Amino acid sequence: MAKSLTAGDLRLEDEDTLVQKLKEAKEELFNLRFQAATGQLESHGRLRAVRREIARIYTVMRERELGIVTVEKETSDG
């Protein structure tokens, strides 16, 4: 998963992409937690970063659900 996902970047993505990124982030978080439990984790800061990415994705999804922010598609004027 790409590092340093911003809410602005996520707002440009469609719903399916957000769901996929959420799935990947949760999978990565699971793996990081497993590494931490077995003492193999080298980057403890990555745990925090992944949790924040998940929170950002949920926030963007909720904003759309409430109608606070809508998906703006780029249109090309021919």
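Since the model is a prediction, treat every value here as computed from it, not as a measurement.

Procedures and definitions
Residues numbered from 1 in each chain as written. Predicted model: local features only at pLDDT ≥ 70, side-chain atom pairs only at ≥ 80, totals over all residues. Heavy atoms only, no water. Helix = DSSP H or I, 4+ residues; strand = E, 2+ residues; numbered from the N terminus. Buried < 20%, exposed > 50% of the residue type's maximum accessible area, 1.4 Å probe, protein only. Contact = heavy atoms within 4.5 Å. pLDDT = per-residue confidence, 0-100. Polar contact = N/O pair within 3.5 Å; in protein donor to acceptor, adjacent residues only side chain to side chain. Core = buried A, V, L, I, M, F, W, Y, C linked by side-chain atoms within 4.5 Å. Expected span 1.5 Å × (residues − 1).

**Points about the overall build of the protein chain**
What the protein chain contains, in helices and strands, is three helices and zero strands. Secondary structure elements of the protein chain, listed N to C terminal, follow the sequence α-α-α. Counting across all 78 residues of the protein chain, residues that qualify as buried make up 24%. If you take every contact in the protein chain between residues at least 6 apart in sequence, the share linking residues at least 24 apart comes to 66%.

**Considerations on the confidence of the model for the protein chain**
Note that predicted coordinates carrying low pLDDT should not be read in detail. Considering every residue of the protein chain, the mean pLDDT works out to 87; 85% of them sit at 70 or more. Per-element averaging of pLDDT across the protein chain places helix α1 (residues 7–11) at the bottom with 90 and helix α2 (residues 15–38) at the top with 96.

**Description of the side chain of R64**
With respect to the helices, strands and loops of the structure, R64 is situated in helix α3 (residues 44–66). At 2.5 Å, the side chain of R64 forms a polar contact with the backbone oxygen of E13.

**Examining the nonpolar core**
Nonpolar side chains in soluble globular proteins tend to end up buried together. L10, L18, V50, I54 and I57 are the most contacted members of the largest nonpolar core, which totals 14 residues. Of all the secondary-structure elements, those providing two or more residues to this core are α2 and α3. Tallying contributions element by element places α3 first for this core, with six residues. Once you skip the residues sitting within four places of it in the chain, V50 turns out to touch A25, E28, L29 and L32.

**Let's talk about α3**
For α3, with 23 residues, the first-to-last C-alpha span of 34 Å sits near the 33 Å given by 1.5 Å per residue. Taken as a whole, α3 has its buried residues at R46, L47, V50, E53, I54, I57, V60, M61, E63 and R64. In the core, the buried residues of α3 are packed alongside α1 and α2. The first or second residue beyond α3 is G67, which carries a positive phi of 80 degrees.

**Comments concerning the environment of E65**
In this structure, E65 sits in helix α3. In this structure E65 comes out as exposed when scored by relative accessible area, which is 59%. Engagement of the side chain of E65 in a polar contact is seen with the side chain of R62, the distance being 2.5 Å.

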